[in-house]
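# Fold and geometry: a report
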Amino acid sequence: TYDELETRRGYLKDSLGNERTMYESHLDDLWQLREGGHITDQEYYEQREALQIAHQARMQALEHEMIRTTVEQTKRQLQEQAEAFGEHFDENSVEWQAFLDSMAQELGITRDELNAILDDIQFEETFNGLAEASGVAFNQIGENAKRATQTAVNLWNEAVNTFEGE
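I will try to describe carefully the structure that is included in this document. Here the structure is a predicted model, which means the values were calculated and not measured. (Residues numbered from 1 in each chain as written. Predicted model: local features only at pLDDT ≥ 70, side-chain atom pairs only at ≥ 80, totals over all residues. Heavy atoms only, no water.)

Attention shifts here to the overall build of the protein. Scanning the protein from terminus to terminus reveals 5 helices and 0 strands. Listing the helices and strands of the protein from first to last along the sequence gives α-α-α-α-α. Burial statistics for the protein: of 166 residues in total, 31% are counted as buried. Within the protein, counting contacts between residues at least 6 apart in sequence, those at least 24 apart form 71% of the total. Accessible area for the protein stands at about 11200 Å²; split by element, carbon and sulfur atoms hold 50% of it. (Helix = DSSP H or I, 4+ residues; strand = E, 2+ residues; numbered from the N terminus. Buried < 20%, exposed > 50% of the residue type's maximum accessible area, 1.4 Å probe, protein only. Contact = heavy atoms within 4.5 Å. Areas by Shrake-Rupley, 256 points an atom, 1.4 Å probe, with all protein chains shown as cover.)

Here it is, written out as C-alpha coordinates:
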(Lines give C-alpha, C1' and ligand atoms only; values in the text may rest on other atoms or scores of the structure.)
Protein backbone atom coordinates (compact mmCIF):
# COMPACT_ATOMS: atom_id res chain seq x y z
CA THR A 1 0.00 0.00 0.00
CA TYR A 2 0.94 3.65 -0.24
CA ASP A 3 1.54 3.85 3.53
CA GLU A 4 3.82 0.81 3.48
CA LEU A 5 5.85 2.41 0.72
CA GLU A 6 6.02 5.65 2.71
CA THR A 7 7.34 3.68 5.69
CA ARG A 8 9.88 2.05 3.37
CA ARG A 9 10.99 5.47 2.10
CA GLY A 10 11.53 6.58 5.71
CA TYR A 11 13.56 3.46 6.43
CA LEU A 12 15.67 4.01 3.31
CA LYS A 13 16.24 7.66 4.23
CA ASP A 14 17.39 6.58 7.70
CA SER A 15 19.60 3.88 6.19
CA LEU A 16 21.28 6.39 3.89
CA GLY A 17 22.05 8.62 6.89
CA ASN A 18 23.29 5.68 8.94
CA GLU A 19 25.53 4.55 6.09
CA ARG A 20 27.11 8.01 5.87
CA THR A 21 27.67 8.06 9.64
CA MET A 22 29.12 4.55 9.70
CA TYR A 23 31.44 5.34 6.78
CA GLU A 24 32.78 8.44 8.55
CA SER A 25 33.26 6.41 11.74
CA HIS A 26 35.20 3.70 9.89
CA LEU A 27 37.37 6.35 8.24
CA ASP A 28 38.08 7.86 11.66
CA ASP A 29 38.97 4.42 13.07
CA LEU A 30 41.28 3.79 10.16
CA TRP A 31 42.92 7.19 10.64
CA GLN A 32 43.47 6.44 14.35
CA LEU A 33 45.14 3.14 13.46
CA ARG A 34 47.44 4.99 11.07
CA GLU A 35 48.19 7.78 13.52
CA GLY A 36 48.85 5.22 16.25
CA GLY A 37 51.43 3.52 14.07
CA HIS A 38 49.43 0.29 13.87
CA ILE A 39 49.21 0.36 10.08
CA THR A 40 51.48 1.73 7.39
CA ASP A 41 50.56 4.56 5.04
CA GLN A 42 50.17 2.04 2.23
CA GLU A 43 47.81 -0.10 4.33
CA TYR A 44 45.87 3.02 5.25
CA TYR A 45 45.38 4.10 1.64
CA GLU A 46 44.50 0.59 0.46
CA GLN A 47 41.95 0.13 3.24
CA ARG A 48 40.57 3.62 2.74
CA GLU A 49 40.01 2.83 -0.93
CA ALA A 50 38.30 -0.47 -0.06
CA LEU A 51 36.06 1.34 2.44
CA GLN A 52 35.20 3.97 -0.15
CA ILE A 53 34.29 1.35 -2.75
CA ALA A 54 32.10 -0.52 -0.25
CA HIS A 55 30.47 2.75 0.89
CA GLN A 56 29.72 3.82 -2.67
CA ALA A 57 28.20 0.42 -3.48
CA ARG A 58 25.97 0.53 -0.39
CA MET A 59 24.92 4.11 -1.10
CA GLN A 60 24.13 3.27 -4.72
CA ALA A 61 22.07 0.24 -3.70
CA LEU A 62 20.10 2.30 -1.16
CA GLU A 63 19.63 5.21 -3.58
CA HIS A 64 18.41 2.85 -6.30
CA GLU A 65 15.96 1.27 -3.89
CA MET A 66 14.76 4.75 -2.92
CA ILE A 67 14.16 5.52 -6.62
CA ARG A 68 12.27 2.25 -7.14
CA THR A 69 10.17 2.90 -4.03
CA THR A 70 9.36 6.45 -5.08
CA VAL A 71 8.32 5.32 -8.56
CA GLU A 72 6.19 2.49 -7.15
CA GLN A 73 4.59 4.84 -4.64
CA THR A 74 3.70 7.36 -7.35
CA LYS A 75 2.43 4.59 -9.60
CA ARG A 76 0.15 3.23 -6.88
CA GLN A 77 -1.15 6.68 -6.13
CA LEU A 78 -1.98 7.22 -9.82
CA GLN A 79 -3.58 3.76 -10.03
CA GLU A 80 -5.83 4.60 -7.07
CA GLN A 81 -6.77 7.93 -8.65
CA ALA A 82 -7.58 6.25 -11.98
CA GLU A 83 -9.71 3.60 -10.24
CA ALA A 84 -11.58 6.32 -8.35
CA PHE A 85 -12.69 7.71 -11.72
CA GLY A 86 -13.47 4.25 -13.09
CA GLU A 87 -10.45 4.32 -15.38
CA HIS A 88 -7.46 2.03 -15.89
CA PHE A 89 -3.88 3.17 -15.21
CA ASP A 90 -1.70 2.85 -18.32
CA GLU A 91 2.08 2.64 -17.94
CA ASN A 92 2.43 3.66 -21.58
CA SER A 93 0.40 6.83 -21.10
CA VAL A 94 1.96 10.15 -22.01
CA GLU A 95 1.54 11.34 -18.42
CA TRP A 96 3.37 8.38 -16.89
CA GLN A 97 6.18 8.57 -19.42
CA ALA A 98 6.48 12.31 -18.76
CA PHE A 99 6.73 11.60 -15.02
CA LEU A 100 9.56 9.10 -15.64
CA ASP A 101 11.34 11.57 -17.97
CA SER A 102 11.00 14.29 -15.33
CA MET A 103 12.32 12.00 -12.60
CA ALA A 104 15.35 11.02 -14.69
CA GLN A 105 16.06 14.69 -15.35
CA GLU A 106 15.77 15.56 -11.63
CA LEU A 107 18.19 12.74 -10.79
CA GLY A 108 20.64 13.86 -13.46
CA ILE A 109 20.53 10.53 -15.29
CA THR A 110 19.27 9.36 -18.65
CA ARG A 111 15.95 7.66 -19.10
CA ASP A 112 17.82 4.45 -20.03
CA GLU A 113 19.71 4.63 -16.72
CA LEU A 114 16.45 5.12 -14.86
CA ASN A 115 14.91 2.17 -16.68
CA ALA A 116 17.93 0.04 -15.75
CA ILE A 117 17.47 0.98 -12.08
CA LEU A 118 13.77 0.20 -12.23
CA ASP A 119 14.41 -3.09 -14.01
CA ASP A 120 17.14 -4.14 -11.54
CA ILE A 121 19.51 -4.77 -14.44
CA GLN A 122 22.64 -3.92 -12.48
CA PHE A 123 21.32 -4.91 -9.06
CA GLU A 124 23.14 -8.25 -8.73
CA GLU A 125 26.40 -6.74 -9.93
CA THR A 126 26.14 -3.95 -7.37
CA PHE A 127 25.63 -6.35 -4.48
CA ASN A 128 28.44 -8.65 -5.62
CA GLY A 129 30.81 -5.67 -5.63
CA LEU A 130 29.46 -4.53 -2.27
CA ALA A 131 29.96 -7.92 -0.65
CA GLU A 132 33.50 -8.27 -1.96
CA ALA A 133 34.61 -4.75 -1.08
CA SER A 134 32.94 -4.81 2.33
CA GLY A 135 34.49 -8.14 3.21
CA VAL A 136 37.99 -7.00 2.34
CA ALA A 137 37.68 -3.66 4.10
CA PHE A 138 36.09 -4.93 7.29
CA ASN A 139 38.33 -7.98 7.56
CA GLN A 140 41.40 -5.79 7.25
CA ILE A 141 40.14 -3.26 9.79
CA GLY A 142 39.35 -6.12 12.16
CA GLU A 143 42.86 -7.52 11.77
CA ASN A 144 44.38 -4.10 12.35
CA ALA A 145 42.24 -3.56 15.44
CA LYS A 146 43.39 -6.94 16.79
CA ARG A 147 47.04 -5.99 16.18
CA ALA A 148 46.53 -2.61 17.83
CA THR A 149 44.85 -4.25 20.82
CA GLN A 150 47.65 -6.80 21.13
CA THR A 151 50.24 -4.04 20.95
CA ALA A 152 48.42 -2.14 23.70
CA VAL A 153 48.23 -5.28 25.84
CA ASN A 154 51.94 -5.93 25.33
CA LEU A 155 52.82 -2.35 26.24
CA TRP A 156 50.63 -2.59 29.35
CA ASN A 157 52.20 -5.89 30.37
CA GLU A 158 55.67 -4.42 29.88
CA ALA A 159 54.77 -1.40 31.96
CA VAL A 160 53.29 -3.52 34.74
CA ASN A 161 56.24 -5.93 34.71
CA THR A 162 58.68 -3.04 34.81
CA PHE A 163 56.82 -1.42 37.68
CA GLU A 164 56.62 -4.69 39.63
CA GLY A 165 60.33 -5.30 39.12
CA GLU A 166 61.33 -2.00 40.72
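What follows is about the environment of Arg 48. Considering the arrangement of structural elements, one finds Arg 48 in helix H2 (residues 41-84). Sequence separation between Arg 48 and Leu 27 is 21 residues, and the spatial gap between their C-alpha atoms is 6.9 Å. If sequence neighbours within four positions are ignored, Arg 48 has contacts with Leu 27 and Leu 30.

Turning our attention to the packing of aromatic side chains. On inspection of all chains with the given rule, the structure shows 4 aromatic pairs. Consider the rings of Phe 89 and Trp 96, whose centres lie 5.4 Å apart with planes at 80 degrees: the pair is edge-to-face. A connected cluster of aromatic rings, assembled from ring pairs, spans Trp 31, Tyr 44 and Tyr 45. Looking at Arg 34, its charged tip hangs above the ring of Tyr 44, at a distance of 4.7 Å from the centre. (Phe/Tyr/Trp six-rings, centres within 6.5 Å; stacked < 30°, edge-to-face > 60°. Lys NZ or Arg CZ within 6 Å of the ring centre and 35° of its normal.)

The N-to-C vectors of H2 and helix H4 (residues 111-118) enclose an angle of 90 degrees; their axes lie 9 Å apart at closest approach. What the angle tells us is that H2 and H4 run roughly perpendicular. Across the interface between the two elements, His 64, Ile 67, Arg 68 and Val 71 from H2 touch Leu 114, Ile 117 and Leu 118 from H4. The residue inventory of the contact of H2 with H4, partitioned by class, reads 5 nonpolar, 1 polar and 1 charged. (Axes fitted to C-alpha atoms, helices over the stretch in contact; angles between N-to-C directions. Parallel < 35°, antiparallel > 145°, perpendicular 65-115°, else oblique. Nonpolar A, V, L, I, M, F, W, Y, C, P; charged D, E, K, R; others polar.)

Bringing the packing of helix H1 (residues 2-35) against H2 into the picture now. Interaxial distance between H1 and H2 falls to 9 Å at its minimum, and their mutual angle equals 175 degrees. If you check the angle between H1 and H2, you find them roughly antiparallel. When grouped by side-chain class, the residues that make up the contact of H1 with H2 number 15 nonpolar, 9 polar and 14 charged.

A separate point is H2. In this model, H2 (44 residues) spans 64 Å end to end at C-alpha, consistent with the 64 Å of a helix rising 1.5 Å per residue. Backbone geometry just after H2 places Gly 86 at a positive phi near 70 degrees. (Expected span 1.5 Å × (residues − 1).)

Here the focus is the nonpolar core. In terms of nonpolar packing, the biggest core is built from 10 residues, these being Ile 67, Val 71, Ala 82, Phe 89, Trp 96, Leu 100, Met 103, Ala 104, Leu 114 and Ile 117. Every element with two or more residues in this core is listed here: H2, helix H3 (94-107) and H4. It is H3 that provides the largest number of residues to this core, a total of 4 residues. Not counting chain neighbours up to four residues away, the residues in contact with Ala 82 comprise Glu 87, His 88 and Phe 89. Core analysis: the next-biggest nonpolar cluster, separate from the first, contains 7 residues, Leu 30, Leu 33, Tyr 44 and Leu 51 among them. (Core = buried A, V, L, I, M, F, W, Y, C linked by side-chain atoms within 4.5 Å.)

Now for a negative patch on the surface. On the surface, Asp 3, Glu 4, Glu 80 and Glu 83 cluster together into a patch of negative charge. Every element with two or more residues in the negative patch is listed here: H1 and H2. Looking at where Glu 4 falls in the secondary structure, it is placed in helix H1. The class of Glu 4 is exposed, set by a relative accessible area of 55%. (Patch = residues over 30% accessible without salt bridge, like charges linked within 9 Å, V, L, I, M, F, W, Y side chains within 5 Å. Salt bridge = Lys/Arg side-chain N within 4 Å of Asp/Glu carboxyl O. Lys, Arg positive; Asp, Glu negative; His and termini not counted. Charge placed at Lys NZ, Arg CZ, Asp CG, Glu CD.)

Those residues of H4 not exposed but buried are Leu 114, Ala 116 and Ile 117. Projected onto a plane normal to the axis of H4, the buried residues spread over an arc of 160 degrees and lie on a single side. Next to the buried residues of H4 lie H2 and H3. (Arc of directions from axis to C-beta.)

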